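# Summary of structural features
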Amino acid sequence: MKEKSGNDRDKNTLLSMADNPNFIPGIYNYCDRWCERCPFTLRCMVYAMEKEAFPDQKSRDINNKEFWQKIQQSLVLSNELLRDMAKARGIDLPSVLPEEMARKRRMHRKEAEQTPIARQARLYSIGTGEWFERHEQLFKMTEEILTKEARLGIKEPELTTVNILEAVEVIRWYQDQIWVKLMRALHGEDQEEELDDDELQDFPKDSDGSAKVALIGIDRSIGAWTQLSENLEDQSGSILDILANLGVLRMKVEERFPRARSFVRPGFDQEI
Ligand code: SF4
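### Considerations on the overall build of the protein chain
A tally of regular secondary structure across the protein chain gives 10 helices and zero strands. Its helices and strands in sequence order give the protein chain the pattern α-α-α-α-α-α-α-α-α-α, from N to C terminus.

### Focus on the nonpolar core
Counting residues in hydrophobic clusters, the biggest one holds 35 residues, and the most contacted among them are Ala121, Ile178, Leu182, Ala211, Ala214, Leu215 and Val253. Elements with a contribution of two residues or more to this core: helix H5 (116-134), helix H7 (157-194), helix H9 (206-231) and helix H10 (238-256). With 10 residues, the single largest contributor to this core is H7. Both domains that furnish three or more residues to this core are identified here as domain 1 (6-88) and domain 2 (99-256). Sequence-distant contacts of Leu215, defined by excluding residues within four places in its chain, comprise Arg250, Val253, Glu254, Ala260 and Arg261.

### Considering the site of the ligand
The environment of the ligand is formed by Ile27, Tyr28, Cys31, Arg33, Trp34, Cys35, Cys38, Phe40, Thr41, Cys44, Val46 and Tyr47. Considered class by class, the residues forming the shell around the ligand number 10 nonpolar, one polar and one charged.

### Details of the packing of H5 against H10
Interhelical geometry of H5 versus H10 gives an angle of 155° and a closest axis separation of 10 Å. With respect to each other, H5 and H10 are oriented roughly antiparallel. As H5 runs across H10, the sense of the crossing is left-handed. Of the residues in H10, those touching H5 at Pro116, Ile117, Gln120, Ala121, Tyr124 and Trp131 are Ser238, Ile242, Asn245, Leu246, Leu249, Lys252, Val253 and Arg256.

### Looking at the environment of Gly217
Within the element layout of this structure, Gly217 appears in helix H9. Between the C-alpha atoms of Gly217 and Ile171, which are 46 residues apart in sequence, the distance is 8.8 Å. Setting aside its immediate chain neighbours within four residues, Gly217 contacts Asp32, Tyr174, Gln177, Ile178 and Lys181.

### A short note on the domain arrangement of the protein chain
Structurally, the protein chain comprises domain 1 (6-88) and domain 2 (99-256). Facing the four residues of domain 1 at the interface are seven residues of domain 2.

### Things to note about H5
Over its 19 residues, H5 extends 26 Å from the first C-alpha to the last, a length consistent with the 27 Å expected when each residue adds 1.5 Å. Within the span of H5, buried status applies to Ile117, Gln120, Ala121, Tyr124 and Thr128. An end-on view of H5 places all buried positions within 100° of arc, on one side of the element. Every exposed residue of H5 that faces more than 90 degrees away from the buried side is listed here: Arg119, Ile126, Glu130, Glu133 and Arg134.

### Details of the environment of Ala185
Mapped onto the elements of the fold, Ala185 is located in helix H7. On the neighbour-count criterion, Ala185 (27 C-beta atoms within 10 Å) is buried. In sequence terms Ala185 and Asp92 are 93 residues apart; their C-alpha atoms lie 28 Å from each other.

### Quick word on the packing of H9 against H10
Each pair of packed helices can be described by the angle between their axes along with the distance between the axes. At their nearest, the axes of H9 and H10 sit 10 Å apart, and the two run at 160° to each other. The orientation of H9 with respect to H10, classified from their angle, is roughly antiparallel. Crossing geometry of H9 relative to H10 is assigned as left-handed. Across the interface between the two elements, Ala211, Ala214, Leu215, Ile218, Ser221, Ile222, Trp225, Thr226, Leu228 and Ser229 of H9 pack against Ile239, Ile242, Leu243, Leu246, Gly247, Leu249, Arg250, Val253 and Glu254 of H10.

### Observations regarding unusual backbone geometry
The phi dihedral of Arg33 falls on the positive side, at around 60°, and the residue is not glycine. Structurally, the position occupied by Arg33 is in the loop between helix H1 (6-19) and helix H2 (45-53). A positive phi is found at Lys155, a non-glycine position, where the angle reads about 55°. Of note, Lys155 is situated in the loop between helix H6 (136-152) and H7.

### Some details on the environment of Val168
For Val168, the location among the structural elements is in helix H7. For the pair Val168 and Met17, spaced 151 residues apart in the sequence, the C-alpha separation amounts to 36 Å.

Parameters and conventions
- Residues numbered from 1 in each chain as written.
- Predicted model: local features only at pLDDT ≥ 70, side-chain atom pairs only at ≥ 80, totals over all residues.
- Helix = DSSP H or I, 4+ residues; strand = E, 2+ residues; numbered from the N terminus.
- Core = buried A, V, L, I, M, F, W, Y, C linked by C-beta atoms within 7 Å.
- Buried ≥ 20, exposed ≤ 12 C-beta atoms within 10 Å, placed from the backbone.
- Domains from an automatic or database assignment.
- Contact = placed C-beta atoms within 7 Å.
- Near = placed C-beta within 6 Å.
- Nonpolar A, V, L, I, M, F, W, Y, C, P; charged D, E, K, R; others polar.
- Axes fitted to C-alpha atoms, helices over the stretch in contact; angles between N-to-C directions.
- Parallel < 35°, antiparallel > 145°, perpendicular 65-115°, else oblique.
- Left-handed = near helix turned anticlockwise from the far one by under 90°.
- Expected span 1.5 Å × (residues − 1).
- Arc of directions from axis to C-beta.

Structure below.
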């Protein structure tokens, strides 16, 4: 009997994971990838796979050569599995994307990048990075005030500190993700339009799911900026400008993807 190669063993491990009824199918497609805060880690196949591939801090270090080798291996493996599954159904997948299809994808991506929604989300991402650079001094000043309050035993400096740290963490987490998810929604929407309507009408649209994740990121960012403005002595009014811009972006996304809010994300929006 022929001995199984390492690759076959990896494929089998992946397939047996995919068969595990404990995992919620597709839950990882519409999450915010904040696994440390996710209540579904034990029900998520991607989390299990990542834990197996990157068990410790060192293996997750992006400066580590092994990290990138693992990423490459898992991409090759997923590609092979996809091909095996297609072959089993009598479909022969081309090894490279046909030029016409690749050209269309590039075109859709460029079009998506130029939409007012994508441009505003990109500006938000860049602007947020710049805001934190410009306000370094404000954070230092606030830290000094809070340290003084703690020494004098007045007010609630611990609570204020927790509120600020939490708000910053949330803002930083979603800062780029809002744009990334909106790009996926806009790009996906173009591709969905190319398909026959009948093919799609019974299925929830991936573009709505991605837009929903972006909207949740915007909601949470608005909450976090509000929390930051309540706990920092920012006299410049710059946070209010950011909040106003995020509010407009949220409105535009809801207009463009009117069914996004009602999209049911596997796991997160279901009774489990
Ligand atoms: S569903 Fe939860 S555990 Fe899985 S990838 Fe998303 S955030 Fe991480």
